[in-house]
Amino acid sequence: MEKNVIETDVLIIGGGTSGCLAAVELKELYPNLSVTIMEKAHVDRSGCLAGGMNAINAYLNPGETPESFTKYVRFDSCGLVREDLVLSMSELFEYCVKKVEKWGLPILCDEKGNYVPRGRWNIKINGESLKPIIAKAAKNAGAKILNWVTATNFIMADGKVAGAMGFSIKNGNFFIVKAKATIIATGGAAGIYKPNNAHDAQHKTWYSPYNTGAGYAMGIRAGAEMTSFEMRYIGLRVKDTIAPTGTIALGVGAPQINSKGEKFMAAKYAHIGGDGAPTPYRSHGPLQEIKEGRGPVYLDTRHITAQQARDLKSAFLDMYPSMVLYWAANEIDPSKEPVEVQTTEPYVVGGHTQSGYWVDVNRKTSIEGLYAAGDVSGGAPYKFVSGCWAEGVIAARAAGEYVQKTGFAQIPENVLKDEQERVFSPLMNQTHKIDGINNYDMEVRIQKIMEEYAGGAATFYEVNDERLQVARRRLSTLPDQFKYLMAEDLHDLMKAHEVIDRVYVAQVLVEHMMYRKETRWPGYCTRTDYTELDDTNWLKFVNSRRDPETGNIEMFTRPYEQIVPGDRYKPR
Ligand SMILES: Cc1cc2nc3c(=O)[nH]c(=O)nc-3n(C[C@H](O)[C@H](O)[C@H](O)COP(=O)(O)OP(=O)(O)OC[C@H]3O[C@@H](n4cnc5c(N)ncnc54)[C@H](O)[C@@H]3O)c2cc1C
């Protein structure tokens, strides 16, 4: 196995939605800069967009403004968001969408040439090929792409990020990429909790199963400030296929009903918008119905026409073909029977919720030389595809400016050597036939702890201090076991590092859930010991920083700043 040493002006880790846009923006603004993307999979079909999309979920339709969008996002996030971040990303929606349309994304238009809205903030696209389209744009712009190279840690020099290290999952080469600036864009974290599906289907998760929280973990290990992990994302999805429900709920106007046919959202949550209540409530409402014996819960599609049913299927073919196959295989006609829904396992995802790096308005993290964009970046929920593009653009502009006045850092040799040893130790353990554990067993350990004590589906996502203390204690025993992890091959090695990263993320997540002593986001993080939303004490961000020397996680808060005037609990 060789060592590949590369020098680049800007390193982008993660060639997904935000990473590709960041690369294009950098090369357009600074054609002479060298830009390298380090991507664990292959950029052509990687990350959340790998299977395609059928809508851009964050867009300013006619009459809407960055302020009205921010107001909505604040309402949807139960009154607490980084308004500066939401404003800055929404100002770039149009710029990004027009750009990607120019590269070849088909966006549905009406006879006057206006984009066809799907709800207040969405537009319809034929996005099956969205990922190859943006990947091609990044390649055409001149970015160097390292496919199948998984990042494992930042290179730290003098307290700054000076690039990253990783390994090729194809040939096992160790990669040292030295950079003047680094953009982390690795998406969120799946697989922290026991998945709803078991055995061979265990990786059938809603969130991309390959986004395993590497970017969070690398930041946590380096001592970066993180925010709002306790705002987990628990989505309402079509049962078994995990297809997104927005396509149905917004696409054909389908309300939630319980097993008695009652429209419970309209009846019980009318004061916060009924079926248009903030997203956490749209998961919380059905959970309560199931808990109280009125499950299963459905989206009522029985009013739709045969044509609407066909349109629905064609929308899913752009993003979730398995939904259409499932209906066909089970002879289900959504115009004749309602569609059963279920909540997913919890994820840490800064693009749907706001868990991630604490950044300034330029998406600069708390560590010099490091910028964060997309689902890995915190404080700005409701990003979706276009917000991730916008954050890629913002981070690229700031990183591009930063490298104009900075050089390559002097990197201590031991930083590289230690990481190389750490990275390959599971392979060495296998070679030396130590009595170790495989990554699957470790994954089961962490998922069982999180499921049972840190608010998994089995406990209706509820947490309290006592349970979280158990989770904290049990998780604290896992890092000592990393040295016994074994990997038979490079794929196994990748999985071993995925599970290590998940442990770091889980530990920080538990601290965050324990620290916020209120229930701000019912459904996402319902505290049975602090059941109410408490603006007097908790209208602020819960942040953390792990000390790289001691491993202690320090918890603290940052104030909320209201920029857009108006009632924080109203969508308009
Ligand atoms: C199933 C699904 C459906 C969705 N539907 C819609 C929709 O219809 N409309 C909408 O607007 N939004 C939708 N979203 C949300 C949107 O797709 C995401 O918010 C967005 O794509 C995230 O972009 P990102 O750049 O942060 O992450 P990604 O696009 O996922 O990119 C992350 C990249 O990092 C790579 N990576 C991960 N770990 C490493 C590592 N260690 N080293 C190197 N590379 C690494 C991954 O392989 C990936 O390429 C959906 C999301 C999902 C999961």
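Residues numbered from 1 in each chain as written. Predicted model: local features only at pLDDT ≥ 70, side-chain atom pairs only at ≥ 80, totals over all residues. Heavy atoms only, no water.

Notes on the overall build of the chain
- Counting secondary structure elements, the chain contains 17 helices and 21 strands.
- Taking 25 Å as the expected radius of gyration for a compact globule of 572 residues, we find that the chain reaches 23 Å, a close match to that expectation.
- When the backbone C-alpha atoms are referred to their principal axes, the chain occupies close to 65 × 55 × 50 Å.
- Element-wise, carbon and sulfur atoms account for 50% of the exposed surface of the chain, whose accessible area totals about 21,700 Å². (Helix = DSSP H or I, 4+ residues; strand = E, 2+ residues; numbered from the N terminus. Rg over C-alpha atoms; globule rule 2.2 N^0.38 Å. Areas by Shrake-Rupley, 256 points an atom, 1.4 Å probe, with all protein chains shown as cover.)

Overview of helix α10 (residues 306-317)
- Helix length check: α10, at 12 residues, gives a terminal C-alpha distance of 17 Å against a target of 16 Å (1.5 Å per residue), a fit within 8%.
- Looking at the packing, one finds that the buried side of α10 touches β3 (53-56), α7 (246-249) and α11 (321-329). (Expected span 1.5 Å × (residues − 1). Contact = heavy atoms within 4.5 Å.)

Description of the packing of aromatic side chains
- Throughout the structure, instances matching the rule amount to 22 aromatic pairs.
- Seen in terms of ring centroids, Tyr-72 and Trp-121 are 5.7 Å apart; in terms of plane orientation they differ by 45°. Their pairing is tilted. Of this pair, Tyr-72 sits in helix α2 (residues 66-76) while Trp-121 is found in the loop between α4 (93-103) and β4 (123-127), placing the two residues 49 residues apart along the sequence.
- Taking the relative accessible area as the measure of exposure, Trp-121 reaches 2% and is therefore buried.
- A centroid spacing of 5.7 Å and a plane angle of 70° characterise the contact between Tyr-233 and Tyr-524, whose relative ring orientation is edge-to-face. You can see Tyr-233 sitting in the loop between β9 (226-227) and β10 (236-238) and its partner Tyr-524 sitting in the loop between α16 (490-515) and β19 (526-527), a full 291 residues away along the chain.
- Residue class for Tyr-233 comes out buried when judged on its relative accessible area of 4%.
- Among the aromatic residues, those joined into a ring-pair cluster are Phe-69, Tyr-72, Phe-75, Phe-93, Trp-121, Tyr-382 and Phe-384.
- If you follow Arg-221 out to its NZ or CZ, it ends over the ring of Tyr-504, 4.8 Å from the centre. (Phe/Tyr/Trp six-rings, centres within 6.5 Å; stacked < 30°, edge-to-face > 60°. Buried < 20%, exposed > 50% of the residue type's maximum accessible area, 1.4 Å probe, protein only. Lys NZ or Arg CZ within 6 Å of the ring centre and 35° of its normal.)

With respect to the pattern of salt bridges
- Under the criterion given, the structure shown has 37 salt bridges.
- The partner of Glu-25 in a salt bridge is Lys-99, and the shortest N-O contact between them spans 3.1 Å. Taken as a pair, Glu-25 in helix α1 (residues 17-29) and Lys-99 in helix α4 lie far apart in primary sequence, 74 residues in all.
- By relative accessible area, Glu-25 is classed as buried at 1%.
- The class for Lys-99 is buried, based on a relative accessible area of 10%.
- A salt bridge links Glu-94 to Lys-98; its shortest N-O distance comes to 3.2 Å. With Glu-94 and Lys-98 both in helix α4 and 4 residues apart, this pair spans about one turn of that helix.
- Judged by its relative accessible area of 35%, Glu-94 falls in the partly exposed class.
- Residue class for Lys-98 comes out partly exposed when judged on its relative accessible area of 39%.
- Within the structure, one salt-bridge network assembled from shared partners comprises Glu-230, Arg-516, Glu-518, Arg-520, Asp-535 and Arg-568. (Salt bridge = Lys/Arg side-chain N within 4 Å of Asp/Glu carboxyl O.)

Quick word on the site of the ligand
- Neighbouring the ligand are 34 residues, the closest being Thr-17, Ser-18, Glu-39, Ser-46 and Ala-55.
- Taking Ser-18, its side chain carries an N or O atom lying 2.7 Å from an oxygen atom of the ligand.
- Separating an oxygen atom of the ligand from a backbone N or O atom of Asn-57 is a distance of 2.9 Å.
- Looking at the shell around the ligand, the elements that each hand over two or more residues are α1, β3, β6 (149-157) and α12 (384-404).
- For the shell around the ligand, the class distribution of residues is 17 nonpolar, 14 polar and 3 charged. (Near = heavy atom within 4 Å. Polar contact = N/O pair within 3.5 Å; in protein donor to acceptor, adjacent residues only side chain to side chain. Nonpolar A, V, L, I, M, F, W, Y, C, P; charged D, E, K, R; others polar.)

Describing the sheet that holds strand β21 (residues 553-559)
- On the basis of which strands lie adjacent, the open sheet formed by 4 strands has the order β14-β9-β20-β21 and antiparallel pairing. Edge strands, defined here as strands with exactly one partner in the open sheet, are β14 (356-357) and β21.
- Judged from the 2 bridges that link them, β9 and strand β20 (residues 540-546) form a sheet pairing that is antiparallel. Each bridged residue has a counterpart across the sheet, and for Met-226 the counterpart in β20 is Ser-544.
- The strands touched by α16 are β9, β20 and β21; relative to β21, the strand with the most contacts, the crossing angle is about 55°. (Pairing = 2+ DSSP bridges. Axes fitted to C-alpha atoms, helices over the stretch in contact; angles between N-to-C directions.)

What to know about the nonpolar core
- Ranked by internal contacts, the top residues of the largest apolar core, which has 121 residues, are Phe-69, Leu-130, Ile-183, Tyr-357, Trp-389 and Met-450.
- Formed by 44 residues, the second largest nonpolar core is a distinct cluster that contains Trp-206, Leu-236, Ile-242 and Ile-332. (Core = buried A, V, L, I, M, F, W, Y, C linked by side-chain atoms within 4.5 Å.)

What to know about the packing of α1 against α12
- In the contact formed by α1 and α12, the axes pass within 7 Å of each other and the chain directions differ by 40°. Taken together, the axes of α1 and α12 are oblique relative to one another. Both α1 and α12 take part in a crossing whose hand is right-handed. Each of Thr-17, Ser-18, Leu-21, Ala-22, Glu-25, Leu-26 and Leu-29 in α1 lies in contact with α12, whose residues at this interface are Val-385, Cys-388, Trp-389, Gly-392, Val-393, Ala-396, Arg-397 and Gly-400.
- Of the residues contributing to the contact of α1 with α12, the split by class is 9 nonpolar, 4 polar and 2 charged. (Parallel < 35°, antiparallel > 145°, perpendicular 65-115°, else oblique. Left-handed = near helix turned anticlockwise from the far one by under 90°.)

So, the sheet that holds strand β12 (residues 297-299)
- Strand order across the open sheet formed by 4 strands is β10-β13-β12-β11, with antiparallel pairing between neighbours. Only two strands of the sheet have a single partner each, and these edge strands are β10 and β11 (256-257).
- Bridging between β11 and β12 involves 2 bridges; their strand directions are antiparallel. Pairing of Ile-257 across the sheet is with Tyr-298, part of β12.

Overview of the side chain of Thr-365
- Take Thr-365: it is sitting in the loop between β14 and β15 (370-372).
- The class of Thr-365 is buried, set by a relative accessible area of 3%.
- One polar contact links the side chain of Thr-365 to the main-chain amide nitrogen of Ile-367, over a distance of 3.1 Å.
- In this structure Thr-365 touches Tyr-357, Trp-358, Val-359, Leu-370, Tyr-371 and Ala-372, once residues within four positions along its chain are discounted.

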